[in-house]
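# Coordinates in review
Each chain, letter by letter, is given below.
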Amino acid sequence: MRSWHCPDLPSLPGQGTIPVVWDTVTSSYVPSARPAHDDATLFVCGITPYDATHLGHAATYIAFDLLVRAWLDAGRVVRYAQCVTEVDDPLLERAASTGQDWRELAASQIELYRRDMEALSVVPPTWYRGVEEQIPAIVRAVATMEEAGQAYRVPLAAHDDGPRVGGVGAGGRGVGGVGARGVGRAGDADSARGAGCGEVGVGARGVGGEADADSARGAGCGEVGAGVGGVGCCEGDVYADLSCDPRFGEVAGFDRGVMLSLFAERGGDPDRPGKRDSLDPLLWRAARPGEPSWQSPLGPGRPGWHIECAVIVHGCCGVPVDVQGGGADLLFPHHEMSTSHMRCLAGTRGGADVVGAQVHAGLISLGGEKMSKSLGNLVLVRGLIDSGVEPAAIRLALLSEHYRADRDWSDDLLLAAQARLARWREGLGHEARGVSGGRVSGGGGPDGQVSGGAARGAGEIAAAKEESPRAYLVVERMRRALALDLDAPSALAAVDGFLGEGDTDGSSARLVVDAISALLGVSL
Ligand code: ZN
């Protein structure tokens, strides 16, 4: 799926360091990327495309944009995947309630999201992936788990109307690529379970590679689903058996009561009859009348929520992925479940870690209440821009408090950001104009790879220190602030302090303006 255009990324003298970030699992600061690697990998859960893009979304993607920018400043090649969950119950319900085609609703909201991300100067992901284009890889993953006894079937109840033969709204297209091993017979799951949960053992990066998915597409296994409606492999929904993952629960660290409560609240189905455990999550939902579905060797249906993200991580970033991120409300069940699926697909079964750091951004509230679709108190980025608010001011407002803090959006917060932007422009913009800055990269575009600017040579660093000592010190302060868990408020304070120290010359102003653009994503 097309992402969006990359903003300009000026290069700075010297080189930043790899930040430490707060890891939810260990409740400690950990390095955000592996040492002695040229790259750094990130997966961030994307939007469900309806009511895009509210300030809660913006705060999350701007937080991880700080990480991407710090990695680039440290010279890493960034490999960043983000999903878009365009096949999901809330979107389908919205489309049904408004009489809109779900694909049209999703496409319009995704386009709006792209425009908002561009306006907010968010560096695009290397891979922007939707559910629909991942279905072949997801089918392979679910089939692999089913074959290994890590997943099982739950028959549809009579009131579910039973599975339908033929895709609804998807043109009945077939999904191939599972091959001989993928179509589990009815007895497989039970026999595997009796011997303990099977090892999948596909290895790192083994599931859902893009080439695999593409080659699988069109292999035409739609016919395999002909058993639908009868007995055997393709009947019913497919659930993950969490008892196969001894490390389940460690991401959030919640007790079972909390898990059950949040599971019910956030899209889970603890009371579904026939599940082995109330918390077992859905992997593949058999087709129901009126719902979109795809033909597959699993039977016609559509993917569950968590498996999509696990498959994208494996296929795009590989495991271990350095950072998995998202809003704090994704911690449970979503990240708990998707990480469990990643472990199963990696064949590690409680062995090696599949995620280096689990990082969660705080939630945005309005008047003390969480900003959410269900409460109807969303503030949309597009609404603010259309009312004349500069995107740079929105970005500064969201950066003025730490990304992990749950925080309140208010007119005062926005006014303070607008005043700061005006102050910075007054103090730096005029002076910097006409002075050439660092090499600018960017414009990587859809599915482009963004690399860190080559660090300037020692001579250039010495020159910058000599020519603009105060400005170079500010750059170093900003880097240090961001290196400690992306502390944007301290980075903003470093710029404020620089301006408070009196007049500045053109070269110094240019260097600080470049640093604000490269590290904070704010263009003056
Ligand atoms: Zn996700």
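Scroll up to find the structure.
Note that the structure is predicted; figures quoted are calculated from it, not measured.

What counts, and where the lines are drawn
- Residues numbered from 1 in each chain as written.
- Predicted model: local features only at pLDDT ≥ 70, side-chain atom pairs only at ≥ 80, totals over all residues.
- Heavy atoms only, no water.
- Pairing = 2+ DSSP bridges.
- Helix = DSSP H or I, 4+ residues; strand = E, 2+ residues; numbered from the N terminus.
- Axes fitted to C-alpha atoms, helices over the stretch in contact; angles between N-to-C directions.
- Contact = heavy atoms within 4.5 Å.
- Polar contact = N/O pair within 3.5 Å; in protein donor to acceptor, adjacent residues only side chain to side chain.
- Parallel < 35°, antiparallel > 145°, perpendicular 65-115°, else oblique.
- Left-handed = near helix turned anticlockwise from the far one by under 90°.
- Nonpolar A, V, L, I, M, F, W, Y, C, P; charged D, E, K, R; others polar.

The subject of this paragraph is the sheet that holds strand E7 (residues 151-154). With antiparallel pairing, four strands are arranged side by side in an open sheet as E7-E8-E9-E10. Strand pairing shows two members of the sheet lacking a second neighbour, E7 and strand E10 (301-303), which therefore form its edges. When strand polarity is set aside, the average angle formed by the axes of neighbouring strands in this sheet is 20°. Where helix H4 (residues 131-147) meets the sheet, it contacts E7, strand E8 (237-240), strand E9 (282-286) and E10, and its direction lies at approximately 110° from that of E9.

Attention now goes to the side chain of Asp237. Structurally, Asp237 is set in strand E8. Engagement of the side chain of Asp237 in a polar contact is seen with the backbone nitrogen of Ala286, the distance being 2.7 Å. At 2.7 Å, the side chain of Asp237 and the side chain of Arg288 are in polar contact. With near-sequence residues (within four places) excluded, Asp237 lies in contact with Tyr152, Arg153, Val154, Leu156, Arg272, Leu282, Trp284, Arg285, Ala286 and Arg288.

Time to look at the packing of helix H12 (residues 391-399) against helix H13 (residues 411-432). Look at H12 against H13: their axes get within 8 Å of each other, and the N-to-C directions meet at 115°. Between H12 and H13, the crossing angle belongs to the class labelled roughly perpendicular. Our pair here, H12 against H13, has a crossing hand that is right-handed. Contacts between H12 and H13 involve Ala392, Ala393, Ile394, Leu396 and Ala397 on the former and, on the latter, Leu413, Leu414, Ala417, Gln418, Arg420, Leu421 and Trp424. The class makeup of the residues in the contact of H12 with H13 is ten nonpolar, one polar and one charged.

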